[in-house]
Amino acid sequence: MTEPHKAEQPRRDGGLGRDLNARLQGIDPLGWALTLTIAVLAFLYPFYVEFLQDVPLIGDFIPGVGSMVVMLVFTVMAVGLNIVVGYAGLLDLGYVAFYAAGAYMAAWLASQQFEQWHFHLGSVGISKELSGLHLSIWIVVVLAGVFTTAVGILIGLPTLRLRGDYLAIVTLGFGEIIPQFVRNGDNVFGFDLTHGTFGISPIDSPGFGKTLSDATNELLPLSYQQSFDRARWFFWTAVVLLLITVFCSVRLRDSRLGRAWIAIREDETAAAAMGIPLMRTKTWAYAIGAFFGGVAGAFYASFKAGAFPADFYFNISVFLLCMVILGGLGSVWGVIVGGMVLGYLNVEGLATIGTKLQQDAGLNFEPSKYQFGIYGLIIVVMMLFRPTGLISERRHKREIEEGVQDESLYGTSK
Amino acid sequence: MDVFTQLTLNGLTLGSVYALIALGYSLVYGILKLLNFAHGDVFMVGSFIGFGALQALGGSTDPVLPLWLLLIVITLAAMVGCAVLGVAIERFAYRPLRNAPRIAPLISALGVSFFLAYSVQLMFGAQQRDYDAFSLDEGALFFRGFDVGNVRIPLLRIVIILSAFVLMVLLWLLVTRTRIGKAMRATSYDREAAAMMGVDIDRVIVFAFVLGSALAGAAGVMFALRAPTSATIGFIAGLKGFTAAVIGGIGSIPGAMAGGLILGFAEAYTQGYLSTRWSDLYVFVILILFMLFRPQGLLGSADIKKV
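Residues numbered from 1 in each chain as written. Chains lettered and ligands numbered in written order. Predicted model: local features only at pLDDT ≥ 70, side-chain atom pairs only at ≥ 80, totals over all residues. Heavy atoms only, no water.

Engineer: Quick rundown of the overall build of chain B? Include the residues and the values.
Structural biologist: If you tally the helices and strands in chain B, you get twelve helices and two strands. Here the C-alpha radius of gyration of chain B, 19 Å, is about what a compact globule of 307 residues would show, namely 19 Å. Counting only C-alpha atoms, chain B reaches 55 × 40 × 40 Å along its principal axes. Within chain B, buried positions represent 57% of all 307 residues. Across chain B, every contact between residues at least 6 apart in sequence was considered, and the portion connecting residues at least 24 apart equals 76%. When the accessible surface of chain B is summed, it comes to about 12,700 Å², and 66% of that surface belongs to carbon and sulfur atoms. In chain B, which carries 21 positive and 16 negative side-chain charges, the distance between the mean positions of the two groups comes to 10 Å. (Helix = DSSP H or I, 4+ residues; strand = E, 2+ residues; numbered from the N terminus. Rg over C-alpha atoms; globule rule 2.2 N^0.38 Å. Buried < 20%, exposed > 50% of the residue type's maximum accessible area, 1.4 Å probe, protein only. Contact = heavy atoms within 4.5 Å. Areas by Shrake-Rupley, 256 points an atom, 1.4 Å probe, with all protein chains shown as cover. Lys, Arg positive; Asp, Glu negative; His and termini not counted. Charge placed at Lys NZ, Arg CZ, Asp CG, Glu CD.)

Written as structure tokens, this is what we have:
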């Protein structure tokens, strides 16, 4: 595109004017207004949540700010997974591996795990004398993303050449290996890497540091952990994290790379024939998806102030997949809705429903014990009756309804 | 030497069970090119049906039937139950997605797997179920047997290995010698051409699910005779069965048998000579190595599509 002789060619679409017009048309004022309203409402949530919780009937079902943080973290991961499964159509069943890798990056770089070393860089709210590596959580979150991206590329390069169902199994294998490795990693050739089943804690908390905190008259907390509004600050950070993820996800979808992903999803052979480098494009999808998993994992570990192997098992991958399916494969808004709904059910919704059932109906049934069965059922029902999800993405819907050239499972008529 | 004999015996027993599970994956994959993720959970349901049948027949302490008949009856019950379950899964979770993109039935299969595991947990609780095979006939299955060197081969293991072998031979005869077997092979080779030649594809598909699920049911009973079963064993068992199928070459029946035995031996020897700590990890490492370097498996044909 940048080569001069190409730029001189007359453009068939009418040149820049048409292009600009198309761009302006692409901006949907209603959509922006809606997005902005939702974002503002989300930011103000901590201020009105208590009023909502006092409302009769529904009040008990309103999640607190702390639960919201977990829901948001899961939604960030769901939006990340959507890039892999929704955009590029690669079934990744090992997403939990990236989540774990991110969390353990935070555990390594911001705790006392490596006592033999002593290094501080922007750590807040802890004594500078503390042994171990202590990087600022902001740096750690980015590093975790970079690390998982690298892991994603490493796993992706050899496996993405396999066909779809094999890819699912290999990712599933990795998703199972990494947690197992973490559980048993307290003695890697005599070196305690992961502290085994006990996990690593405490992990440092994010914060704005002394300079910023003093400058704003302690409006911005020095460290979230020591702030009275701990949950609120984590909540606001999580909202920002989700906004960034959604922004990247939407922009990526409309980029050259994103269109290549969708082309691959629809028809791999045709995409390759059009000159899309399959391996590179798929690996990017996998790596970028991994990036958000790592970021979310590191942030979540900091919120929980610990990384515990019990948090990273195969079911989480399916849980995240269920969010994507429920919301709508490829549909960013759908996935956010799916992520928030299922995240809510997982964090406290099912438990609340169970308590209600017990109190009001006298039923001794705890739905939270069977949550993964419920998610499994949701997946099957969605696939059978509404495969495009609650909020369908237009293009994906057309693919499903009109059929694509992708080889179907066992249809005898095509 | 005794350790080696013991481990070989372990490997053979484990391998027979894995091979039976692997056959189910291979049969379905050969015909539909579908990874039936729910297969491991069908295996789990089989072990529960066997448990239920055993209790219905008086439990292991006071069975109403003689030992041999009892084992045959509970295995048959599990096989029939699983066959029905397999057909139901195919009918309700896979068939409606026939013309959907490939990813759809895969996801649906995953959902079925979770649904089955947690439905069983909901119905029967999360606690382990023990057949208590030790009480059968005053421990005959464990105390009686043959001696090889200093190692006693208990009757139970002989029963497991022999019955798995018999089932595999029967399957082999069915696939190579009967009409429906011929139809299965034709469908696996080229579905559209088979359909044009008058093969009823629907019937072949259902039959593959019947066979695969019945074998998984038998494997479930064999597994549960030796170790307690619970609602969540399906996942890991399914993964091992799948690995065995991949090792042998998915879609190939002799491959699945060979793969099961190889995996069983690999697991037994690594547990015996290395450590049990990473034992599940070895399975995944083997799986991934095969996926990367020989995705068609040992006996499979190289039809892995690379565009």
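Let's pick the thread back up.
Engineer: So what about the environment of A:Gly31? Which residues, and what values?
Structural biologist: With respect to the helices and strands, A:Gly31 occurs in helix H3 (residues 29–54). As a C-alpha pair, A:Gly31 and A:Ser331 span 300 residues in sequence and 14 Å in three-dimensional space.

Engineer: Lay out the confidence of the model for chain A with the relevant residues and their values.
Structural biologist: Residue and element names in this part refer to chain A. A residue-level look at chain A finds 90% of positions with pLDDT of 70 or above and a mean pLDDT of 84. Within chain A, the lowest mean pLDDT, 47, falls on helix H1 (residues 4–7), and the highest, 94, falls on helix H4 (residues 65–87). Contacts for the low-pLDDT stretch residues 1–15, under 50 throughout, to residues beyond four places or in other chains number one contact. (pLDDT = per-residue confidence, 0-100.)

Engineer: Could you give an account of a positive patch on the surface, with specific residues and numbers?
Structural biologist: All names here are of chain B. There is a patch of like positive charges on the surface, built from Arg-179, Lys-182, Arg-185 and Arg-203. Sort the elements by how many residues they give to the positive patch and helix H7 (residues 179–189) lands first, with three residues. With respect to the helices and strands, the residue Lys-182 is situated in helix H7. Lys-182 gets classed as exposed once you look at its relative accessible area, which sits at 58%. (Patch = residues over 30% accessible without salt bridge, like charges linked within 9 Å, V, L, I, M, F, W, Y side chains within 5 Å. Salt bridge = Lys/Arg side-chain N within 4 Å of Asp/Glu carboxyl O.)

Engineer: How would you summarise the side chain of A:Ser249 if you had to cite specific residues and measurements?
Structural biologist: With respect to the helices, strands and loops of the structure, A:Ser249 is situated in helix H9 (residues 230–254). Owing to a relative accessible area of 0%, A:Ser249 belongs among the buried residues under this scheme.

Engineer: I'd love a proper account of the domain arrangement of chain A, names of residues and values included.
Structural biologist: Residues and elements named next belong to chain A. You can read the domains of chain A as domain 1 (31–62) and domain 2 (66–313). The straight-line distance from the C-alpha centre of domain 1 to that of domain 2 is 27 Å. Taken together, the contacts link six residues of domain 1 with seven residues of domain 2. Here domain 1 and domain 2 share an interface that buries about 660 Å² over both sides, 81% of which is from carbon and sulfur atoms. The three residues of domain 1 that bury the most area against domain 2 are Phe-43, Tyr-45 and Pro-46, which together make up 66% of that side's buried surface. Connecting domain 1 to domain 2 are two residue pairs in polar contact (both at pLDDT 80 or more). Considering only residue class, the side of domain 1 that touches domain 2 consists of six nonpolar, no polar and no charged. (Domains from an automatic or database assignment. Buried area = accessible area lost by both parts, 1.4 Å probe. Polar contact = N/O pair within 3.5 Å; in protein donor to acceptor, adjacent residues only side chain to side chain. Nonpolar A, V, L, I, M, F, W, Y, C, P; charged D, E, K, R; others polar.)

Engineer: Help me get a handle on unusual backbone geometry, residues and values and all.
Structural biologist: Residues and elements named next belong to chain A. Of note, the bond from Ser-201 into Pro-202 is cis; its omega dihedral lies within 30 degrees of zero at -5°. Although it is not a glycine, Ala-305 sits at a positive phi angle of roughly 55°. Tracing the sequence through the fold places Ala-305 in the loop between helix H12 (278–304) and helix H13 (314–327).

Engineer: Explain the interface of chain B and chain A to me, using residue names and the numbers behind them.
Structural biologist: Accessible area lost upon the coming together of the parts serves often as the stated size of an interface. Each side of the interface is counted separately: chain B has 55 residues, and chain A has 54 residues. Between chain B and chain A the total buried area reaches about 5,200 Å² when both faces are included, carbon and sulfur atoms providing 73% of it. The interface formed by chain B and chain A includes one residue pair in polar contact (both at pLDDT 80 or more). Elements with a minimum of two residues in the side of chain B that touches chain A: helix H1 (2–32), helix H3 (67–94), helix H4 (103–124), helix H8 (191–196), helix H9 (201–226), helix H10 (233–248) and helix H12 (279–293) of chain B. No other element matches the 14 residues that H4(B) contributes to the side of chain B that touches chain A. The residue makeup of the side of chain B that touches chain A, split by class, is 40 nonpolar, four polar and eleven charged.

Engineer: Lay out the packing of aromatic side chains in plain terms, naming residues and giving numbers.
Structural biologist: Under the definition given, this model contains 43 aromatic pairs over all chains. Above the face of the B:Phe92 ring, B:Arg91 is positioned so that its terminal group lies 5.9 Å from the ring centre. (Phe/Tyr/Trp six-rings, centres within 6.5 Å; stacked < 30°, edge-to-face > 60°. Lys NZ or Arg CZ within 6 Å of the ring centre and 35° of its normal.)

Engineer: Any details on H10(B)? Residues and values, ideally.
Structural biologist: Here H10(B) spans 23 Å end to end across 16 residues, near enough to the 22 Å set by a 1.5 Å rise per residue. B:Gly249, located one to two residues past H10(B), shows a positive phi value of around 105°. (Expected span 1.5 Å × (residues − 1).)

Engineer: Can you lay out the environment of A:Val246 for me, pointing to particular residues and giving the numbers?
Structural biologist: Residue and element names in this part refer to chain A. Inspection of the secondary structure assignment puts Val-246 in helix H9. The spacing of Val-246 and Pro-277 is 31 residues in sequence and 26 Å in space, taken between C-alpha atoms. The residues contacting Val-246, other than those within four sequence positions of it, are Val-332, Trp-333 and Ile-336.

Engineer: Can you explain a nonpolar patch on the surface? Please cite residues and give values.
Structural biologist: Residue and element names in this part refer to chain B. Taken together, the side chains of Phe-165, Val-166, Val-169, Leu-170, Trp-172 and Leu-173 define a hydrophobic patch exposed on the protein surface, amounting to about 550 Å² of accessible area. On the secondary structure map, Trp-172 appears in helix H6 (residues 155–177). The class for Trp-172 is partly exposed, based on a relative accessible area of 39%.

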